[in-house]
Amino acid sequence: MNSTPPLYLQIQQHLLERIHSGEWPAHHQIPPEERLARDFGVSRMTANKAIRDLVQQGYLTRQPGLGTFVTDRKAESSLVDVHNIAEEVRSRGHHHDSDVLLAQAIAADDEVALRLGVRLGTRVFHTRIVHRENGVPIQLEDRFVNPRWVPDYLDTDFSRRTPNEVLVAACPITDVEHVVEAVQVDAPTAERLEMEAAQPCLSMIRRTWSGEHLISYARLIHPGHRYKLRSSLSRRTG
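Residues numbered from 1 in each chain as written. Predicted model: local features only at pLDDT ≥ 70, side-chain atom pairs only at ≥ 80, totals over all residues. Heavy atoms only, no water.

The next subject is the packing of helix α2 (residues 33-40) against helix α3 (residues 44-56). Where α2 meets α3, the closest approach of the two axes is 8 Å, and the angle between their N-to-C directions is 115°. Here α3 runs roughly perpendicular to α2, going by the angle between their axes. The handedness of the crossing between α2 and α3 comes out as right-handed. Two secondary-structure elements touch here, α2 through E33, E34, L36 and A37 and α3 through R44, A47, N48 and I51. (Axes fitted to C-alpha atoms, helices over the stretch in contact; angles between N-to-C directions. Helix = DSSP H or I, 4+ residues; strand = E, 2+ residues; numbered from the N terminus. Parallel < 35°, antiparallel > 145°, perpendicular 65-115°, else oblique. Left-handed = near helix turned anticlockwise from the far one by under 90°. Contact = heavy atoms within 4.5 Å.)

And the structure:
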C-alpha cells in the first residue's frame with residue numbers, strides 16, 4: 001500500500017515545518033503559489049489547495065494584492081465572555097493539559113475576603129493550576145471559590161475537568177468582572193510558566209457571579225509573548 005501523502009499535504013507539511021520551527025515567524029510572507037507549484041512539480045491548483053486549507057486552519061492569512069502571510073497564533077481569550085480554557089485550546093486544534101499544583105480549603109486572608117465578598121477567616125476553596133497548550137504553559141490560574149455555592153468543588157479531578165467547567169455546571173455565570181494589567185512576576189511564578197522572570201506577563205483578575213451570588217475570584221497570569229486578550233463591542237442602532 002502506498003503511504004506517501006498527497007502532494008498538497010506534502011506542501012502543507014513543508015509550510016508548517018517552517019512555521020513551527022520559527023523560521024517563518026508571524027507576519028512572514030510565504031512563497032507565492034506559482035513558486036510552490038514549480039518547486040514541488042505540481043499544478044497551481046494543488047498549491048492553492050494547500051494554502052487555502054492552512055488559511056482555513058488559521059495558520060495563514062491572505063492579503064489581496066500583497067500575498068499570503070503567517071498569522072499570529074498566540075493563545076487568545078475573550079475579555080467579554082468567559083470560556084473554558086480547555087475548549088479554547090481545542091478550538092485551535094491543539095492539545096490541552098494541566099498541572100494541578102494545589103486544591104485545598106483555606107481561611108480567607110484580607111485580599112481574598114475583600115475580592116470574594118466574605119468575612120476575614122471564612123473557609124474558602126483554593127486551587128492553583130497551570131494550563132498548557134501543546135505542552136507549553138499559557139496560564140497560571142489561582143482561583144478562590146465560595147463553598148456555600150459550590151460545596152463539591154474540591155471533589156473534582158482537575159486534571160480532567162477545568163474549574164470553569166465545574167463552576168458553570170454548578171452555578172451558570174450571569175455576570176463577570178475583569179481587571180487586566182501588565183505585570184512582572186516573581187521567580188517561582190516564572191518557573192511554573194517556564195519563562196524568564198524579566199519577561200512581561202498579562203494579569204487578569206476575574207470575578208464571576210451567578211445571579212446575586214459572588215461565586216469565584218481568580219488571578220490569571222499569562223506569559224505576554226504567548227498570549228493575548230481580545231475584546232469586541234458592537235453598537236447597533238435600530
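On to α2, then. Inspection of α2 places E33, L36 and A37 among the buried residues, and these make up the whole buried set. Down the axis of α2, the buried side of the element spans an arc of 100°, and every buried residue falls inside it. Among the residues trailing α2, G41 stands out with phi positive, at a value near 65°. (Buried < 20%, exposed > 50% of the residue type's maximum accessible area, 1.4 Å probe, protein only. Arc of directions from axis to C-beta.)

Let us look at the sheet that holds strand β7 (residues 175-183). Ordered in space as β4-β5-β6-β9-β8-β7, the 6 strands form an open sheet in which the pairing is antiparallel. Strands with a single pairing partner mark the edges of an open sheet, and in this sheet they are β4 (96-107) and β7. When the angles between neighbouring strand axes are averaged without regard to direction, this sheet yields 15°. Pairing analysis gives 9 bridges linking strand β5 (residues 123-133) to strand β6 (residues 136-145), with the strands arranged antiparallel. (Pairing = 2+ DSSP bridges.)

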